[in-house]
Amino acid sequence: MTRTQAPPGDELALAHLRGVLTSRPRPPRPGPLTTSLVFGRRTLLKLKHLPEQLIDVTAFPIMLTLMFTYLFGGAIAGSTGDYLQYLQPGILVQTIVMITMTTGSALNTDRVSGVFDRFRSLSIWRPSALVGALLGDGARYLLGCVIVMTLSLILGFRPAGGFGGVLAGVALVLVFSFSLGWLWTMLGLLLRTPQAVTSLSMFVMLPLTFASNIFVDPKTMPDWLEAVVGLNPITHLTTAVRAAMQGTLTSGQTAVVLLWCAALVGVFAPVTMRLYRTRH
């Protein structure tokens, strides 16, 4: 059998293609930060195409702030204005930590659809898909903080700590929320449906947020309940955020919050990564 000769034009085109492919050095492998930011951008693009996912960041904070201020403020503190000064840092904490639950359900949706199988086959830093999702959600948390603070200032909240105190309080909330997100990523990989992730997350978060010092001073509670509330990480976060906005934040209060953050990441991040490598 005789071999068919390629036309001279095709040989020239093939030679040119080889020259283009081999004349440039191989691009370097992307680092952990680059790949994490790419996956973070992916999370934000999903919000761009599905803006209704921002309801929990926009409408939810407004509803909580107005409801607790005007429905319960007079009964609890005697004045809605006085209660707002106590409540606002706690509402900020509750709003953002509740928003973190959507991280797990979104991750579970990706896992069920099979897209994570493709991510795991890529030659990239393994945790980047998870870290990127948490970083992308961080933009949602920041938007929620801006909405809560803007509404609170309109209603009459006046932080004695000034702008710097507000920034410190928001920073603590964002760091804690990123750390708490590892719990939801673990549940997102462990459970079988997004609905199961949402249900279990709500079961965890409702006691943590309401059995805290967000809405009332623990000193008004029975002794046994005050002791339980004192062990709640949400209580420690709210205390620190409230102190930051009042201009009385101490290094000890900050250290307690950061220790809780380190504990959350130290416990749930390794479990999440193990599940990410083995879960199908």
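Our subject in this report is the structure included herewith. (Residues numbered from 1 in each chain as written. Predicted model: local features only at pLDDT ≥ 70, side-chain atom pairs only at ≥ 80, totals over all residues. Heavy atoms only, no water.)

With that settled, the discussion passes to the overall build of the protein chain. The helix and strand inventory of the protein chain stands at 12 helices and zero strands. Along the chain direction, N to C, the helices and strands of the protein chain fall in the order α-α-α-α-α-α-α-α-α-α-α-α. Against the compact-globule benchmark of 19 Å for 280 residues, the protein chain has a radius of gyration of 25 Å, which places it well outside the compact range. Dimensions along the principal axes, computed over C-alpha positions, put the protein chain at roughly 100 × 35 × 35 Å. (Helix = DSSP H or I, 4+ residues; strand = E, 2+ residues; numbered from the N terminus. Rg over C-alpha atoms; globule rule 2.2 N^0.38 Å.)

Compared with the 18 Å implied by 1.5 Å per residue over 13 residues, the 19 Å span of helix 5 (residues 101-113) between its first and last C-alpha is a close match. Every buried residue of helix 5 is listed here: Met101, Thr103, Gly104, Ser105, Leu107, Asn108, Asp110 and Arg111. Buried positions along helix 5 lie against helix 2 (32-49), helix 4 (80-99), helix 6 (115-121), helix 7 (128-155), helix 8 (162-190) and helix 9 (194-210). Looking one or two residues past helix 5, glycine 114 carries a phi angle of roughly 95 degrees, positive in sign. (Expected span 1.5 Å × (residues − 1). Buried < 20%, exposed > 50% of the residue type's maximum accessible area, 1.4 Å probe, protein only. Contact = heavy atoms within 4.5 Å.)

One number sums up the size of the largest pocket: a volume of about 520 Å³. Along the walls of the largest pocket sit 26 residues, with Asp56, Thr102, Thr103, Ser105 and Arg140 positioned nearest its centre. Mapped by element, the contributors of at least two residues to the lining of the largest pocket are helix 2, helix 3 (55-77), helix 4, helix 5, helix 6, helix 7 and helix 9. Split into classes, the residues belonging to the lining of the largest pocket amount to 14 nonpolar, six polar and six charged. There is about 190 Å³ of room inside the second largest pocket. Lining the second largest pocket, in full, are Leu142, Cys145, Val146, Met149, Thr150, Leu153, Pro159, Phe163, Val166, Leu167 and Val170. For the lining of the second largest pocket, the elements supplying multiple residues, two or more each, are helix 7 and helix 8. Take the lining of the second largest pocket: its biggest share by element is six residues, from helix 7. (1 Å grid on protein atoms, 1.4 Å probe; cavity = no way out; pocket = protein on both sides within 12 Å on 5 of 7 lines; lining within 4 Å. Points joined across faces, edges and corners; volume = space filled by probe spheres on them. Nonpolar A, V, L, I, M, F, W, Y, C, P; charged D, E, K, R; others polar.)

Turning our eyes to something else, we now look at the side chain of threonine 100. Mapped onto the secondary structure, threonine 100 falls in the loop between helix 4 and helix 5. For threonine 100, the side chain forms a polar contact with the side chain of tryptophan 184, separated by 2.8 Å. Ignoring anything within four residues of it in the chain, the contact list for threonine 100 reads Tyr141, Ser177, Leu180 and Trp184. (Polar contact = N/O pair within 3.5 Å; in protein donor to acceptor, adjacent residues only side chain to side chain.)

Moving on, we get to the side chain of threonine 65. Mapped onto the secondary structure, threonine 65 falls in helix 3. Residue contacts for threonine 65: discarding those within four places in its chain leaves Ile91, Leu151, Ser152 and Leu155.

Right, let's talk about the pattern of salt bridges for a bit. Under the defined criterion, the tally for this structure stands at three salt bridges. Ionic pairing is found between aspartate 110 and arginine 42, a salt bridge with its closest N-O pair at 3.1 Å. One end of the pair, aspartate 110, is in helix 5; the other, arginine 42, is in helix 2, and 68 residues separate them in sequence. For aspartate 137, the salt bridge is made with arginine 140, and the minimal N-O distance between the two is 3.4 Å. (Salt bridge = Lys/Arg side-chain N within 4 Å of Asp/Glu carboxyl O.)

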